[in-house]
Amino acid sequence: MTAAVDDFSLLVDLKGPADLIDGPAYNPSLVATDSKLAEVLAPYHFDEPYPCGLASCRQPHQHGYLVITVDGTETNVGQHCGKTIFGDDFEIKANTRRRSADRKYQLDILHRALADKNKHLARTGELYNRRFGTKWAEDALRRLKEGISRPAASKLHAMAARGETSVEDVREATAEEKERHRAMGSDSKPLRYVTEKLGDLQGIAFLTSSPHQAATA
Ligand SMILES: [Zn+2]
């Protein structure tokens, strides 16, 4: 990274119109015919549009730039009126400054994340290792799976994954059931097995969840 890319010293943080007006060199109605552009200081994105600082424009702009002229006067201009008054020089400087502001914004986010890194890692570690933390939950889940045998565990897992709660059993049909089935529909296949619902098993969704992932996502 070059020094130029890192140089945010001229960049002004403009949160609202007050940050424009409070500048001692700010002119709310600049007659720019005799003024030449010295520099674009910063882009702004206000919540509400604010009147343009060019006497020839005065339109409210929600997005614009704080500029300084060669005679040291500051004012705010929009993208189009700025170009109309100050020409290509404005456009080049405005684009450069906007890219610089975007980089600074991203770098600030990264720096904040880096500054908080140890805090976040410590918090993650604490959640993992605490008495009933994610390590405990993972161990408990593993012991449960081992305890109920692999076939039962995989059946419960499949149920949980499909969101099913009904517990069913398949048994051979009794002679009476076979006879009743035959009497009801002569052209259907003979009845051999009957599926019976034994009950409902609620709350098994946790089987397919990852405590560690849930705690750190
Ligand atoms: Zn304007």
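The structure we're discussing is the one just above.
This text gives an overview of the structure that appears in the document. (Residues numbered from 1 in each chain as written. Predicted model: local features only at pLDDT ≥ 70, side-chain atom pairs only at ≥ 80, totals over all residues. Heavy atoms only, no water.)

## With respect to the coordination of the zinc ion
Point 1. Only Cys-52 (SG), Cys-57 (SG), His-61 (NE2) and Cys-81 (SG) from the protein coordinate the zinc ion, and they sit 2.0 to 2.3 Å from it.
Point 2. Here the zinc ion binds four donor atoms, and the angle range of 105 to 120° at the metal identifies the geometry as tetrahedral.
Point 3. Positions of the donor residues of the zinc ion along the chain correspond to the pattern C-x4-C-x3-H-x19-C. On the criterion of sequence distance, the pair formed by Cys-57 in the loop between β1 (37-51) and β2 (60-69) and Cys-81 in helix α3 (residues 79-86) is long-range, its members being 24 residues apart.
Point 4. Here Cys-57 falls in the buried class, since its relative accessible area comes to 19%. (Donors = N, O, S within 2.8 Å, 3.2 Å for Na, K, Ca; no water. Tetrahedral: all angles 85-135°; square planar, octahedral: opposite > 155°, others 65-115°. Helix = DSSP H or I, 4+ residues; strand = E, 2+ residues; numbered from the N terminus. Buried < 20%, exposed > 50% of the residue type's maximum accessible area, 1.4 Å probe, protein only.)

## Details of the packing of aromatic side chains
Point 1. All told, the structure shown has three aromatic pairs when counted by the stated rule.
Point 2. Ring geometry for Phe-132 against Trp-136: centres 4.9 Å apart, planes inclined by 80°, an arrangement best described as edge-to-face. (Phe/Tyr/Trp six-rings, centres within 6.5 Å; stacked < 30°, edge-to-face > 60°.)

## Observations concerning the nonpolar core
Point 1. Membership of the largest hydrophobic core comes to 14 residues, with the highest contact counts inside it found for Val-40, Leu-54, Tyr-65, Val-67, Val-77, Phe-86 and Phe-90.
Point 2. Secondary-structure elements contributing two or more residues to this core are β1, β2, α3 and α4 (88-115).
Point 3. Setting aside its immediate chain neighbours within four residues, Phe-86 contacts Ala-32, Ser-35, Lys-36, Leu-37, Leu-54, Val-67 and Val-77.
Point 4. Counting 12 residues, the second largest nonpolar core, distinct from the first, contains Phe-8, Leu-20, Leu-41 and Ala-42. (Core = buried A, V, L, I, M, F, W, Y, C linked by side-chain atoms within 4.5 Å. Contact = heavy atoms within 4.5 Å.)

## Side note on the packing of α3 against α4
Point 1. Put simply, α3 and α4 touch, their axes get as near as 6 Å, and they point 140° apart. Taken as axis vectors, α3 and α4 run oblique relative to one another. On the side of α3, the interface is formed by Gln-79, Gly-82, Lys-83 and Phe-86, while α4 contributes Asp-88, Asp-89, Phe-90, Glu-91, Asn-95 and Arg-98.
Point 2. When its residues are assigned to classes, the contact of α3 with α4 shows two nonpolar, three polar and five charged. (Axes fitted to C-alpha atoms, helices over the stretch in contact; angles between N-to-C directions. Parallel < 35°, antiparallel > 145°, perpendicular 65-115°, else oblique. Nonpolar A, V, L, I, M, F, W, Y, C, P; charged D, E, K, R; others polar.)

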